[in-house]
Structure formats: C-alpha cells, structure tokens
Number of protein chains: 2
Amino acid sequence: LMQKMNDLRTPALVVYKHKVEANCERMLKLAKDHGVTLKPHFKTTKCLEVAIMQTGGTKCGMEVSTLVEADLLAENGFENVIYAYPISPHKTPKCAELSEKMKSFVVFVDNVAALKALEQWKLKDNKNWQVLVEVDTGAGRSGVQIESLDAVSLIKEVVKCGNVTFSGLYSHCGHSYKCKNAEEIKEVGKMATNKMLTLVDELKKQGITCPSYGIGSTPSCSKPAPEMSKLTEWHPGNYVLYDLMQVKIGSCEIDDIASFVLTRVIGHYTKGEDVFLIIDCGWTAISLHGVKDSEETSGYGLIVDHPELKLAHMSQEHGIVKSKDSTKPLDLSRYPVDSFLRIYPYHSCATCAMHPVFYVADQNDNIIDHWRPVKGW
Amino acid sequence: LMQKMNDLRTPALVVYKHKVEANCERMLKLAKDHGVTLKPHFKTTKCLEVAIMQTGGTKCGMEVSTLVEADLLAENGFENVIYAYPISPHKTPKCAELSEKMKSFVVFVDNVAALKALEQWKLKDNKNWQVLVEVDTGAGRSGVQIESLDAVSLIKEVVKCGNVTFSGLYSHCGHSYKCKNAEEIKEVGKMATNKMLTLVDELKKQGITCPSYGIGSTPSCSKPAPEMSKLTEWHPGNYVLYDLMQVKIGSCEIDDIASFVLTRVIGHYTKGEDVFLIIDCGWTAISLHGVKDSEETSGYGLIVDHPELKLAHMSQEHGIVKSKDSTKPLDLSRYPVDSFLRIYPYHSCATCAMHPVFYVADQNDNIIDHWRPVKGW
C-alpha cells in the first residue's frame, strides 16, 4: 500500500494518523483526569479505525448520529453504542433490531410520544429499551428544556414506563460554538454542568437516581471547566480531527488540526486587474462551510504556510486562490503549476462528508492506509 | 426491488425518473431544433443511468469534471468523452491512458505550458491528443480570455503542436448564473455566442478551421438565444435535475425540478417564543448551499407544498423548520411526528454530492431503482 503523499491524485483528504492518535489520547486522558467516562462521538470521520482509537481500543461506549454508523460498529464488535439523535416512531423497528443485537444500545427521547412508541414495541427476550433523556442546556435545538417542568415530568414518565430502563441524561451544549476563547468555553461548560447537576439533585429529592449524566461538545470537553468533573460522562466528537472553526472558538491550537485537503495548482490567471491561481479543490473537496470571502479572513479554509493567500471562491471542481491583501497582487511564479497547497478545513465534519476515502499519512508523508467512512443513513 | 417511497428511511434523495427523462428529452430536442450537437455534462448526478438518458441512448459525447467519471463512462462503452477541466501535468498520464483506451477522449488546455506537457507525452499507436481550447467569454474562471491576443496565439500553438489535434473551442458561460429571467439569460447567451463567432471568423482569416465551438451552462441552453444556433455544440449539465437556483435564474419552472430530499418530522418544540419542527434533514442530506435564513426566503431549500415553512437552520443531522412569517407562529399539529416533507434543493449538484444512493421513483411514488453515483476524483 505504501505510497508517497505527493503521488496522490488531487484533490485528496489527508489525515495525519499521529495527530488523530494524539487528539484521541489527549481527550481520553482529560476525561480520566476529571474522573468521567469518555463517550466519544463517531459522526466526524465515521471510520472504524478512528472509533477504535477514540475508545482507546476498548470498542466500548461510542455515540453515533446515524443508524448506518451504529450498524458498522455493531458488525465490528463494538458494545454500548448510543444513538445520539431523537428517536422517532419510523426508526423504532431498526433501533429495536440494534437493541436486541447488541449488549447495550441506548436511544434518546425528548418527548412523551416517542417514549410511548418504545413502550409499545416490546423487545425480544424481555430486554428493556435503554433510554437517555435529552435535555437542552442552552443550545436551543433538540432536547427538553432543562429548566422547564417538562424535564422532570418526562423523566418521571420514563422511569415508570414499561419495557424501558432510564439510563440517564444527555445534553449537547452546542452553544459552546459561539465562544471565542477558552474562558468563554469554560463558562458555557460550567453553566451547562450546573444546570445538569441541579436537575440530578431535584430528581434525587423525588427518589429518582440518575445512572449517568453528561454534557458534550468538542469546545467544552477540550477546555473543560473544573465543574465538569462532577459529571459522569463527556461526549465530544470533532476533536479527533479539529478544524479552523475549533481554533477560532479556542478549543485547540492550529497544529492540532489532523486533516487537510491536498490540492495542486492547475493554472495561473491574470484577467484585467484580477490575478489568481486555480487549484483542483472545489466545494466537492472541502464543502462550502466557512467564512465567506473578505479582507479579514482566509476564505473557506486556511492555506497552510501561506498567510498571503486566501481561498476566495469555489465552484464544483475549481478553487480560486487570491492574494489576501488586495493591494498586493500575487507573484504567480511562487506557485508553479502542479505545486501543492494544503488547506485546513473550516469544518472537518463537513469536509469528511465529501470524501469516499481518507488518505492516512505518517509523519514522513508516506500514505500508510486508506480509511473508508460509512455513508448514508 | 419495488418499494414504496413512504417506506424509505429518511433522509433520502428521491429522483423522479419521468422528470429526468423529460428534462433530458427537452434538452436533446432544443439542441436538435437549433441544429447543434448536445454534449451534456455528467457532473450533476454522476450516475450511469442518467448519462444514457442524457445522450438519448447513443452513449456518445458526454463531458465530465473528474477522471473517475471518465473511467466509469469508458468502462461502460461510452465514446467521445470530453474532460471539461483544465489539464495539468500531473493528470497527463491518466489522461493518456484514457486517450489510448477510448476512440475519442478530449482534453482542455488554456495555456501553453499545459500544451507543451501534452506534446512531450507521446500516445501509443501514433494517436494524437485531442485538444479543445478553453476560452473565457465572461465567467472569469478558467479559460483564456476570448478578446485577448493570447487566445489566438494559444490556438496557433495548438494547431502547430506535435502529437496534438486541435478539436475546437469551449466556453462555460458561468456568468449566466447571475441572471434573473429568460431575457437576461438570452442576452448572456447571445453575447457569449457572438464573441465565440468573432474568434472563429478571426481564425478562419488566419487559415485555421475550427472543428467545433460551443458554449454551455444550464441557463443559456435552457433559454437559448437565437444566435446559439450558429454554434456547433452546447454543453449544459444541471438541467437533468434542475433546482431552486435555476428557477430563480429563470432556466426552468418549479415543476421541472426532478429531485428532492425526503425527510420526516422527528419532533415539535416550543422554546420560549421559538416554535419549530425538527426534521431528519441536516446539511449532510442537502448541503449548505443556498440562501441563508431571512424573512424573504425559504432558507436552504423549498419545502414543497408548504409556502408557510422555511428551512431556517441545519446542523449535521438536524433541520430546524420555522414559520416563514415570523408573526405567525407554527401550528405544530399540522405536521405530525413521522409525517413527510419534501425539500427541493437550492443546488442539486451539491445535494447529489452528499448521497451515496439516489432513490428513483415513478409517478406513483414507487421506488423502482437505486442509482449509485461515482464518487471521488
């Protein structure tokens, strides 16, 4: 399989294995140091090889966003998989199959109707559904609002519901994505944790024991507030690769970013006052997630080691690279045709979603493996 | 294989076969009526079944944007494939392989350096490279500027270059995407055509015969200016599916859109003053291409038969659907959990790029086929 990175046909998504390993190990250690269980999310890469690293080789305790991810893990000996997505009646039969097949498959509910659908679907061998209640600690997406009376009343329904075991509380603190530095991240993590602990206490007063309660998001778990040691679980996902967005939020350093799009310069253009390169990275290779063209930004990604460049525009297969400073036109001779550029993605989850194969590199830029993500739903 | 659409796991990309057929037939007829050859682009679906329809069953004259598309067509008996992308030296060996394998494989050049790389790579059996010169009629992307002296001098280089046959001129009039109605589209088509014809005349005066000269883009070919009958070729691509962007440009009617994302309502939420549905269509299912949330637009897509709704926000697997008119809160009871919504994509090329399988439906909403696009580069 051994191949040199510079022999790859471009565009190609390259993943540095040593960086993924370092990111996985760092997060496992952070969780351990805080006395919590890491339940890592699979959604960013959806590659089996990464799930093994994320669990430190235990193959236990992954979270998924789609049922094909769950199937892949189930078929490969993983246990204790959490389907971290609100279950709805149509998906109940497939979730029943996974619940019956695996030692532990955990589903989310955030409303009574979904719970009632589970009660009515009896699992084989008198197995119970394992149910986490999704609570909203401020992200404003799915989950029952943690401060509302609905939260306690839904949990009471879960506890008394037939065919169901109450597994605990889960919250994705997605509002951490609005942060701009580690202090802001820690404030979000602290507030979300405190809300969670308040609910756990309230349940205790009412005689309900909460087996697990966790929050997660890559920012809050990468820069954890001390309070987060009082939780039982964390569940970040993007940290395996990180990206420019996480750097801007304050979750990581730029050198922690573990993937990039490898692209070649395919042409030099001077059209009127417009001087630009075309590269073979269009939106099919990196996605349109990102910050649109402006004087202040590097565009849809960061061109590694070239602070003078920005990815200004993309069509399906063409990327237009311009001078970041519009008063300094590009010296095209610095970027010969066929020379390489590396682009850090703004949002690595989105970039991964565009690629059928990830080219795995070692520190010497040898391609040592090909990882194939599971696709679809 | 027969399956009912409503049994599909969601999200799913559904393609109405009869609409794709109608779009393909209409474009073939339009080209025929204008006396030009249709050289359809494969980039939107990248599904073999669609290429067959696009060529009216002849399997002749497709254009591709990636080399894996060319491989797929070559392996399936297609002939006269145009690699509609600027060739660069790294891709020359693979293009040589395709040129040697197929009866006709045509490449693009828009600069002398790329041409010289072809001259130096001799094909087997004394075969010549077939070369189209890409000219820029106003789109401002790749291609040599048609009014510049560089255009004529590059073409002269091609004509006298060893191992190379001059196949003609090609222009993607991408500036038609800025149009807002058929009249504006026709003006762009007319101007691009006239520029092309001026160059063809100039070449003739200099003793150079131009075997083919075409322009293309779905807008300009869907609403052709009368002048476009003087070209030899058209090369649109998106027309096979169309999308909301094409409706806004004026290329088609909304009923011509041949694909949609099928999604289910998975939850009802009332959070403070925010009332919304969550659907199982996130950006992994439709892409983030589109018009961002505003009072005037339907967001990232158009929710079919529900003018009161907009797709306001998406995360990886969650779509947030709100009332388009913020003064009229949603009546959630109208959209039961598990009920379906259909979303027309803003940009169908981008939506197709997110899906490993297209579910092909007949007029009775039976799923009659699964099409699998080729992925990668």
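Predicted model, so just to flag it, every value in this text is computed and none were measured.

Q: Any chance you could break down unusual backbone geometry for me, citing the residues and the numbers?
A: Between Thr10 of chain A and the following residue, Pro11 of chain A, the backbone shows a cis peptide bond with an omega angle of 0 degrees. Along the chain, the position of Pro11 of chain A falls in the loop between strand S1 (3-4) and strand S2 (12-16). Of note in the backbone geometry, Ser217 of chain B takes a positive phi value of approximately 155 degrees without being a glycine. The buried category is assigned to Ser217 of chain B, whose relative accessible area is 3%. One non-glycine residue, Asp305 of chain B, adopts positive backbone phi at about 65 degrees. Here Asp305 of chain B lies in the loop between strand S14 (301-303) and strand S15 (309-314).

Q: Explain the relation of the copies chain B and chain A to me, using residue names and the numbers behind them.
A: Between the two copies, chain B and chain A, the superposition gives an RMSD of 0.0 Å; the rotation angle is 180 degrees and the shift along the axis is 0.0 Å. Those values place the two copies in the arrangement expected of a two-fold rotation axis. Most of the interface of chain B is mirrored in chain A, where 100% of its interface residues are also at the interface.

Q: Help me get a handle on the interface of chain B and chain A, residues and values and all.
A: Contacts between chain B and chain A engage 58 residues on the former and 58 residues on the latter. Summed over both partners, the interface of chain B with chain A comes to about 4,800 Å²; 57% of that surface belongs to carbon and sulfur atoms. Per-residue buried area on chain B facing chain A is highest for Arg9, Arg141 and Trp377 of chain B; these three make up 18% of the total on that side. Taking the shortest distance from any N to any O, the salt bridge between Glu317 of chain B and Lys46 of chain A comes out at 3.9 Å. Between chain B and chain A we count 30 residue pairs in polar contact (both at pLDDT 80 or more) in total. Top element by residues in the side of chain B that touches chain A is strand S12 (residues 259-271) of chain B. It accounts for five residues. Class assignment for the residues of the side of chain B that touches chain A results in 23 nonpolar, 19 polar and 16 charged.

Q: Would you mind going over the packing of aromatic side chains in detail, with residue names and values included?
A: All told, the structure shown has 10 aromatic pairs over all chains when counted by the stated rule. Relative to Tyr85 of chain A, the ring of Tyr83 of chain A has its centre 6.0 Å away and its plane inclined at 40 degrees; by these criteria the two rings are tilted. The exposure class of Tyr85 of chain A is buried, given its relative accessible area of 4%. Here Tyr16 of chain B and Phe260 of chain B contribute two aromatic rings whose centre-to-centre distance is 5.6 Å and whose plane-to-plane angle is 55 degrees, an arrangement assigned as tilted.

Q: Quick one: what's the story with helix H5 (residues 112-120) of chain B, residue by residue and with numbers?
A: All names here are of chain B. For H5, every residue scored as buried is listed here: Ala114, Leu115, Ala117 and Leu118. Looking down the long axis of H5, one finds its buried residues gathered within 155 degrees of arc, a one-sided arrangement. With respect to the buried face of H5, the exposed residues turned more than 90 degrees away are Ala113 and Gln120. Close packing links the buried residues of H5 with helix H4 (92-101), strand S6 (105-109), strand S7 (129-136), helix H6 (149-160) and strand S9 (164-172).

Q: So what's going on with the pairing of strand S18 (residues 358-361) of chain A? Which residues, and what values?
A: Residues and elements named next belong to chain A. As defined by bridge partners, S2 adjoins S18 across three bridges and the pair is classed as parallel. Each residue of the ladder has a partner; that of Val14, found in S18, is Tyr359. Bridge count for S18 against strand S19 (residues 366-371) is four bridges, and the pairing is antiparallel. In the sheet register, Ala361 faces S19, and the bridge partner there is Ile367.

The rules behind each value
Residues numbered from 1 in each chain as written. Chains lettered and ligands numbered in written order. Predicted model: local features only at pLDDT ≥ 70, side-chain atom pairs only at ≥ 80, totals over all residues. Heavy atoms only, no water. Helix = DSSP H or I, 4+ residues; strand = E, 2+ residues; numbered from the N terminus. Buried < 20%, exposed > 50% of the residue type's maximum accessible area, 1.4 Å probe, protein only. Least-squares fit on C-alpha atoms with pLDDT ≥ 70 in both. Contact = heavy atoms within 4.5 Å. Buried area = accessible area lost by both parts, 1.4 Å probe. Salt bridge = Lys/Arg side-chain N within 4 Å of Asp/Glu carboxyl O. Polar contact = N/O pair within 3.5 Å; in protein donor to acceptor, adjacent residues only side chain to side chain. Nonpolar A, V, L, I, M, F, W, Y, C, P; charged D, E, K, R; others polar. Phe/Tyr/Trp six-rings, centres within 6.5 Å; stacked < 30°, edge-to-face > 60°. Arc of directions from axis to C-beta. Pairing = 2+ DSSP bridges.

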